[in-house]
Amino acid sequence: MLTDLFTPSVQHSLDLAGIFVFAISGALLAVRKNFDVFGMAVLAEATALGGGLIRDLIIGAVPPAAFTDLGYFITPLVATVIVFFLHPEVERITKAVNAFDAAGLGLFCVAGTVKAHSHGLGLTFAATLGLTTAVGGGVLRDVLAHEVPNLLRWDRDLYAVPAMVGSTMAALLIHYDALNVTTSMISAATAFVLRLLAMRYNWRAPRAWHRRSAATEDPATGSGAV
Amino acid sequence: MLTDLFTPSVQHSLDLAGIFVFAISGALLAVRKNFDVFGMAVLAEATALGGGLIRDLIIGAVPPAAFTDLGYFITPLVATVIVFFLHPEVERITKAVNAFDAAGLGLFCVAGTVKAHSHGLGLTFAATLGLTTAVGGGVLRDVLAHEVPNLLRWDRDLYAVPAMVGSTMAALLIHYDALNVTTSMISAATAFVLRLLAMRYNWRAPRAWHRRSAATEDPATGSGAV
Amino acid sequence: MLTDLFTPSVQHSLDLAGIFVFAISGALLAVRKNFDVFGMAVLAEATALGGGLIRDLIIGAVPPAAFTDLGYFITPLVATVIVFFLHPEVERITKAVNAFDAAGLGLFCVAGTVKAHSHGLGLTFAATLGLTTAVGGGVLRDVLAHEVPNLLRWDRDLYAVPAMVGSTMAALLIHYDALNVTTSMISAATAFVLRLLAMRYNWRAPRAWHRRSAATEDPATGSGAV
């Protein structure tokens, strides 16, 4: 079974690590938005489990993993408690948090691709759902918190592309029957390193050509309005 | 059957009552947002049926109850018509509307917990989905209306906690095999009374500790920016 | 089979045409919001496939058509590339784009009604899901782009009503066993023409009665605040 690449305990530990770091980012946004402790918990759960939840609904894996595994459910609550008491300290180590988030991105895009394929989806769609697993929680977090999704903004470092590379690698490995622990870790690591490089060198994606011609619609405040 | 606690007609009447009061709150928000009559109907339907819809998708009960029961579908339209013609009068009895909304909260958190458990979910997840049933419609209403979800805001009276207490009580009653009409009504009534008390005494949930240290990020406008 | 009204290739071509024009509207909004090329692709996919995705999740048709048909997936990417390079030209032909969007609205409301009914839903709910198929993608587009959904705003020309008429006609045709290629095209054309007329004559839906009495809540900025 493709989903049994790792011993269950290793796979589960990696999942929980990814869930934890995503939950931290959700709880931190809730603090910045001045939400209360329940808002923190809701955003932590949504960020950590939202991507996998959307994937599971689409592939018909109900009830979703988020609603059958207590560890998945409790981990975001632990992250909420930590941020509740220590958020200035957590903010101070933003770089470390971002690095962990990049690791979560890498793990989730590969795991999501493998799970979607094991439920019978074609490779293109499996890779798309791998990407969805990795970035969906962050989009749900931003929509719930009433923010423009970071994923869509041009003034944010590349986030989708590293996940796309990782999930595409995983899909190709499945296609060539070469997916194993080593190669899937290489896929996740590639996404992880690309995301670190994107943050280090502020890689951005291009916007539509001839932005000038559209500038008359939102003059001066062009970027500020977003 | 746990879902057959009440005679079907009693259960159905309670459901319709909860749907009606939630729909009123959706239609009233649409009026405040200056939406047209179709926007009112969409928000009324989403507020009234959104929580149960999310629950049913997650537990795999498709098509969801919202799409198989005409009464569930028509009740929000009746609420829309009433608010359309009488919204100043409805606004004037806000306290009564809020009390009915609290009753809907109590009924939905218990009914949602029982339905989720009857579909095979564990008690923790059944209680979580009971909470989701009760508050999900309001979150969907606020997201569609382009508002910060009331559920997340610290400057709103406690809403999630009463529903959490009610759904936890229902889950414990299931666990101890003590769920019947009386005990489930007591669970719903507990959530109802807690919500009324939260509104009466302006109970708030705490925000993260040391808010001061984060204040430099959004000075002065701290609360206004939310 | 009701879903086999047309030869598969004709049905598929009509679907792809509707998907294409909806994707154009999503990509154009992304340009106006100053999103990058990946944001354009996400909004194009969400606008084009979101309505059908919601319908398929509700009727339990998983994995949804959007995740099994490569043409459905690639068409929005083609629209993204076109808008990326040619968006000033595309903006200049806004009227043509709007006419195509109206055509997509007509096709989707009928196709959605037929598909929902063929999965066992009652006629009222099939028509509701036809409407959802037609307008759901646009709502998802606006929520993701952090805008007030056009569907709800009173200062936008009628959009839901033409789709409601089209899906109701389709449901009535099914009821009277009179649905065939000709009558379903007449339903779609009716929705299409109504939408064109709504844009031509700026048809609006009414807001709640006695707006004046509510004006004290949002004075002066009443419409601007929406």
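Residues numbered from 1 in each chain as written. Chains lettered and ligands numbered in written order. Predicted model: local features only at pLDDT ≥ 70, side-chain atom pairs only at ≥ 80, totals over all residues. Heavy atoms only, no water.

**Student:** Please clarify how the relation of the copies chain C and chain B should be interpreted in this entry.
**Tutor:** Two copies of a chain can be linked by a rotation about an axis combined with a shift along that same axis. Note on the copies: chain C fits chain B at an RMSD of 0.0 Å, the axial shift is 0.0 Å, and the rotation between them is 120 degrees. A rotation of that kind, with that shift, is consistent with a three-fold axis. Of the residues that chain C buries at the interface, just 9% are likewise interface residues in chain B, meaning the two copies contact each other through different surfaces. (Least-squares fit on C-alpha atoms with pLDDT ≥ 70 in both. Contact = heavy atoms within 4.5 Å.)

**Student:** What is the right way to look at empty space enclosed by the protein in this model?
**Tutor:** One way to see where empty space is left: roll a probe the size of a water molecule over the atoms. This structure, assessed with the given rule, holds 1 cavity of 30 Å³ or more. Space inside the largest cavity adds up to approximately 80 Å³. Lining the largest cavity are Val143(A), His146(A), Glu147(A), Val143(B), His146(B), Glu147(B), Pro149(B), Val143(C), His146(C), Glu147(C) and Pro149(C). Classifying every residue of the lining of the largest cavity by side-chain character gives 5 nonpolar, 3 polar and 3 charged. (1 Å grid on protein atoms, 1.4 Å probe; cavity = no way out; pocket = protein on both sides within 12 Å on 5 of 7 lines; lining within 4 Å. Points joined across faces, edges and corners; volume = space filled by probe spheres on them. Nonpolar A, V, L, I, M, F, W, Y, C, P; charged D, E, K, R; others polar.)

**Student:** Just checking my understanding: could you explain the pattern of salt bridges for this structure?
**Tutor:** Pairing is possible between side chains that carry opposite charge, provided their charged atoms lie close to one another. Residue and element names in this part refer to chain A. Per the stated rule, a full pass over the model turns up 21 salt bridges over all chains. Among the ionic pairs, Glu 147 bridges to Lys 33, the shortest N-O distance being 2.9 Å. Of the two residues, Glu 147 sits in the loop between helix H5 (123–144) and helix H6 (160–175) while Lys 33 sits in the loop between helix H1 (8–32) and helix H2 (37–59), which places them 114 residues apart along the sequence. Given the relative accessible area of 9%, Lys 33 is considered buried. One network of salt bridges, in which partners are shared, links Arg 55, Asp 56 and Lys 115. (Salt bridge = Lys/Arg side-chain N within 4 Å of Asp/Glu carboxyl O. Helix = DSSP H or I, 4+ residues; strand = E, 2+ residues; numbered from the N terminus. Buried < 20%, exposed > 50% of the residue type's maximum accessible area, 1.4 Å probe, protein only.)

**Student:** Got a minute to help me understand the relation of the copies chain C and chain A in this structure?
**Tutor:** Overlaying chain C on chain A yields an RMSD of 0.0 Å, the required transformation being a rotation through 120 degrees with an accompanying axial translation of 0.0 Å. When the interface residues of chain C are mapped onto chain A, a mere 9% of them are again interface residues, pointing to distinct binding faces.

**Student:** What is the right way to read the interface of chain C and chain B from this model?
**Tutor:** A common way to report how large an interface is uses the accessible area buried once the components associate. Taken together, the contact pairs 35 residues of chain C with 32 residues of chain B. Summed over the three residues of chain C that lose the most area to chain B, namely Ile58(C), Phe125(C) and Leu152(C), the buried surface amounts to 25% of that side. At the surface where chain C touches chain B, the tally comes to 0 salt bridges. Our count for the chain C to chain B interface comes out at 6 residue pairs in polar contact (both at pLDDT 80 or more). Every element with two or more residues in the side of chain C that touches chain B is listed here: helix H2 (37–59), helix H5 (123–144), helix H6 (160–175) and helix H8 (211–214) of chain C. Looking at the side of chain C that touches chain B element by element, the count peaks at 6 residues for H5(C). Residue classes in the side of chain C that touches chain B are distributed as 21 nonpolar, 8 polar and 6 charged. (Buried area = accessible area lost by both parts, 1.4 Å probe. Polar contact = N/O pair within 3.5 Å; in protein donor to acceptor, adjacent residues only side chain to side chain.)

**Student:** Looking at this structure, I do not really get unusual backbone geometry. What am I missing?
**Tutor:** With glycine set apart, most residues show a phi of negative sign, and most peptide bonds adopt trans. Of the consecutive residues Val62(A) and Pro63(A), the connecting peptide bond is found in the cis state with omega at -10 degrees. Positive phi, close to 50 degrees, is recorded for Asn202(A), a residue that is not glycine. Residue position: Asn202(A) is located in the loop between helix H7 (181–200) and helix H8 (211–214). A residue is classified by how much of its surface remains accessible, and Asn202(A), at 45% relative accessible area, is partly exposed. In this structure, Asn34(B) takes a positive phi of about 70 degrees despite not being glycine. Its place among the elements puts Asn34(B) in the loop between helix H1 (8–32) and helix H2 (37–59). By relative accessible area, Asn34(B) is classed as buried at 2%.

**Student:** How should the side chain of Asp69(A) be read in this particular structure?
**Tutor:** All names here are of chain A. Mapping Asp 69 onto the fold places it in the loop between H2 and helix H3 (70–92). Here Asp 69 sits buried without a salt bridge, and the closest side chain of opposite charge, Lys 115, lies 9.8 Å off (N-O distance). Here the side chain of Asp 69 touches His 12 through a polar contact of 2.6 Å, side chain to side chain. Within the structure, Asp 69 has its side chain in polar contact with the backbone nitrogen of Gly 71 (distance 2.8 Å). (Lys, Arg positive; Asp, Glu negative; His and termini not counted.)

**Student:** Got a minute to help me understand the UniProt feature "transmembrane region" (unreviewed entry) in chain A in this structure?
**Tutor:** All names here are of chain A. Mapped onto the present numbering, the UniProt feature "transmembrane region" (unreviewed entry) falls at residues 12–31, 38–58, 70–87, 123–144 and 182–203. A helix fraction of 100% and a strand fraction of 0% characterise residues 123–144, whose end C-alpha atoms lie 31 Å from each other. Strand forms 0% of residues 182–203 and helix 86%; the C-alpha atoms that close the span are 28 Å apart. (UniProt positions renumbered as here; feature names shortened; annotations may be inferred.)

**Student:** Help me out: how do you make sense of the interface of chain C and chain A in this one?
**Tutor:** If you look at the interface, chain C gives 32 residues, while chain A gives 35 residues. Here chain C meets chain A over a buried area of about 2900 Å², counting both sides, of which 70% is carbon and sulfur. Together, Asn34(C), Phe38(C) and Phe67(C) form the three largest contributors to the area buried by chain C at its contact with chain A, with a combined 24%. Counting the contacts that link chain C with chain A gives 4 residue pairs in polar contact (both at pLDDT 80 or more). Looking at the side of chain C that touches chain A, the elements with two or more residues in it are helix H1 (8–32), H2, helix H3 (70–92) and H5 of chain C. Residues that form the side of chain C that touches chain A fall into these classes: 22 nonpolar, 5 polar and 5 charged.

**Student:** What am I meant to see in the confidence of the model for chain A here?
**Tutor:** For residues with low pLDDT, the predicted coordinates do not support detailed interpretation. On average, residues of chain A score 87 in pLDDT, and 89% of them are at 70 or above. Among the prediction metrics, the complex's ipTM stands at 0.87, with pTM recorded as 0.89. (pLDDT = per-residue confidence, 0-100.)

**Student:** What is the right way to read the packing of aromatic side chains from this model?
**Tutor:** The relative placement of two aromatic rings is captured by the distance of their centres and the angle of their planes. What the rule picks out here adds up to 16 aromatic pairs over all chains. Geometrically, the ring pair formed by Phe84(A) and Trp209(B) is tilted, given 6.4 Å between the ring centres and 55 degrees between the ring planes. Remark: Trp209(B) occurs in the loop between helix H7 (181–200) and helix H8 (211–214) and Phe84(A) occurs in helix H3; the pair is interchain, linking two chains. Classification of Phe84(A) by relative accessible area gives buried; the value is 8%. Considering the side-chain rings of Phe22(C) and Phe108(C), the 5.0 Å spacing of their centres and the 70 degrees angle between planes classify their relative orientation as edge-to-face. Separated by 86 residues along the polypeptide, Phe22(C) in helix H1 and Phe108(C) in helix H4 (residues 94–118) bring together distant segments of the chain. Relative accessible area serves as the criterion here: at 4%, Phe22(C) is assigned to the buried category. Three or more aromatic residues joined by ring pairs make a cluster, and in this case those are Phe67(A), Phe73(A) and Phe125(B). The ring of Tyr201(A) carries the charged tip of Arg200(A) above its face, separated from the ring centre by 5.1 Å. (Phe/Tyr/Trp six-rings, centres within 6.5 Å; stacked < 30°, edge-to-face > 60°. Lys NZ or Arg CZ within 6 Å of the ring centre and 35° of its normal.)

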